[in-house]
Amino acid sequence: INNGTCEDYADLVVINNLYDVNASVAGPTVICADSADLLGNIPISGATGEWTVWAGGGSFDDPTNPTARVTGLLRGDNTLRWTITKDGCSNYDDVVITNNSVEALAGEDLITCGNDANLVANELFPGENGVWTKISTCGTSTILTPSDNETIVTDLCAGVNVFRWSVTGNGCSATDEVQVSENTFYTTAGFDQHV
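Quick look at the structure, then. What you see is a predicted model, and the numbers here were worked out from it, not measured in a lab.

Reading the values: the criteria
- Within each chain, residue numbers correspond to sequence positions counted from 1 in written order.
- It should be noted that, the model being predicted, local features are given only for residues of pLDDT at least 70 and side-chain atom pairs only at 80 or more, the latter also being counted only at that level, while totals for whole chains, interfaces and linings use all residues.
- Calculation of side-chain values draws on the structure's entire complement of heavy atoms; hydrogens and water are dropped beforehand.
- One side-chain nitrogen of Lys or Arg within 4 Å of one carboxyl oxygen of Asp or Glu is enough to make a salt bridge.
- Put simply, DSSP H or I for four residues or longer makes a helix, DSSP E for two residues or longer makes a strand, and each gets a number counted from the N terminus.
- Relative accessibility decides the category of a residue: with a 1.4 Å probe and only protein chains considered, values under 20% of the type maximum give buried, values over 50% give exposed, and everything between is partly exposed.
- Two strands are counted as paired when DSSP detects at least two bridges linking them.
- Orientation is described by axes fitted as lines to C-alpha atoms, over the contacting stretch for helices, and by angles from 0 to 180 degrees between their N-to-C directions.
- Here the nonpolar core consists of buried residues drawn from Ala, Val, Leu, Ile, Met, Phe, Trp, Tyr and Cys, with membership extended through side-chain atoms lying within 4.5 Å.
- The criterion used for residue contact is that any of the two residues' heavy atoms lie within 4.5 Å.
- Two cysteine sulfurs form what is called a disulfide whenever their separation falls within 2.5 Å.

Glancing now at the pattern of salt bridges. Per the stated rule, a full pass over the model turns up four salt bridges. Residues R69 and D37 are paired through a salt bridge, measuring 2.9 Å at the closest nitrogen-oxygen approach. With a gap of 32 residues between them, R69 in strand β5 (residues 69-71) and D37 in strand β2 (residues 36-37) connect regions that are remote in the sequence. Using a relative accessible area of 34% as the deciding quantity, one classes R69 as partly exposed. The residue R75 makes a salt bridge to E128 at a minimum N-O spacing of 2.4 Å. Of the two residues, R75 sits in the loop between β5 and β6 (76-86) while E128 sits in the loop between β9 (117-120) and β10 (129-136), which places them 53 residues apart along the sequence. For R75, a relative accessible area of 37% translates into the label partly exposed. On the basis of relative accessible area, E128 is assigned to the buried category, the value being 7%.

So, in structure tokens, the structure goes:
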């Protein structure tokens, strides 16, 4: 500052600029799983970084690691935030991971004493398709409504019959199998006798 006859006066201010924060995912951001590897940038010297869930769900194996693994992502969009903090200032970047995974649960293994059984799999979400198929059976069994999660199978073979429930949707797929044991047996007391 210069004011005519007065002595000049000067002062300095130091501005520390935290460089840009970058968050991404190792691989595609639309996945068929509930876990992913993250790629946050490494904090500058003296700064700290932390992953948090901003929307959706998930948990981190080490939230302070830029390349943390996130598990437990909810179905649909999950927004994860990478925040770097230093000297009271912070900056963040978000990455959105879309979990399009589908679930196939064919139900508990069954035991029947007849030649038919009720198969009950998980219900489907909108946009998903499911189908029952025979995997291991004598070949005569029939799935009455293969595209319904709850259906009846008839003409089971004696012993173990295996059926697969397959679910597809949003570019993802999953399968699960159920065993149906047909344990029917027959007894005979012999011919009638007259004594």
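With that settled, the discussion passes to the sheet that holds β10. For sheets, the rule is that strands pair by backbone hydrogen bonds, running either parallel or antiparallel. The sheet built from four strands is open, its strands ordered β8-β14-β13-β10 with mixed pairing. Unpaired on one side and paired on the other, β8 (110-112) and β10 mark the two borders of the sheet. With strand direction ignored, the average angle separating the axes of adjacent strands in the sheet is 25°. Here β8 runs beside strand β14 (residues 172-182); their pairing, made up of three bridges, is parallel. Pairing of L110 across the sheet is with V180, part of β14.

The next subject is the nonpolar core. One finds L119, W132, V153, F163 and W165 to be the most contacted residues of the largest nonpolar core, which totals 17 residues. Breaking this core down by element, the ones donating at least two residues are β9, β13 (159-169) and β14. The biggest single contributor to this core is β14, with four residues. Leaving out residues up to four positions away in the same chain, V153 has contacts with N115, D116, A117, L119, T142, I143 and F163.

With that out of the way, let us pick up the environment of L12. With respect to the helices and strands, the residue L12 is situated in the segment before β1 (30-31). Measuring from C-alpha to C-alpha, the distance between L12 and G40 comes to 34 Å, with 28 residues separating the pair along the chain.

Bringing the state of the cysteines into the picture now. Under the definition given, this model contains one disulfide. Shown here is the disulfide that connects C32 with C172, its sulfur atoms set 1.9 Å apart. On the sign convention where negative is left-handed, the bridge of C32 and C172, at about -85° about the S-S bond, is left-handed. Taken together, the residues C32 in the loop between β1 and β2 and C172 in strand β14 connect sequence positions 140 residues apart. For C32, a relative accessible area of 46% translates into the label partly exposed. C172 gets classed as buried once you look at its relative accessible area, which sits at 5%. The thiol of C113 is unpaired, and the distance to the nearest cysteine sulfur, on C157, comes to 16 Å.

Attention shifts here to the side chain of S141. In this fold, S141 is placed in the loop between β10 and β11 (142-143). For S141, a relative accessible area of 3% translates into the label buried. When residues no more than four places from it in sequence are discounted, the contact partners of S141 are K134, T154, D155, L156 and F163.

With that out of the way, let us pick up the sheet that holds β2. The antiparallel open sheet is built from three strands, whose spatial order is β2-β5-β4. On the outer flanks of this sheet lie β2 and β4 (59-60), each paired with one strand and no other. Relative to β5, β4 runs antiparallel, the two sharing two bridges. Bridged to F60 within β5 is V70.

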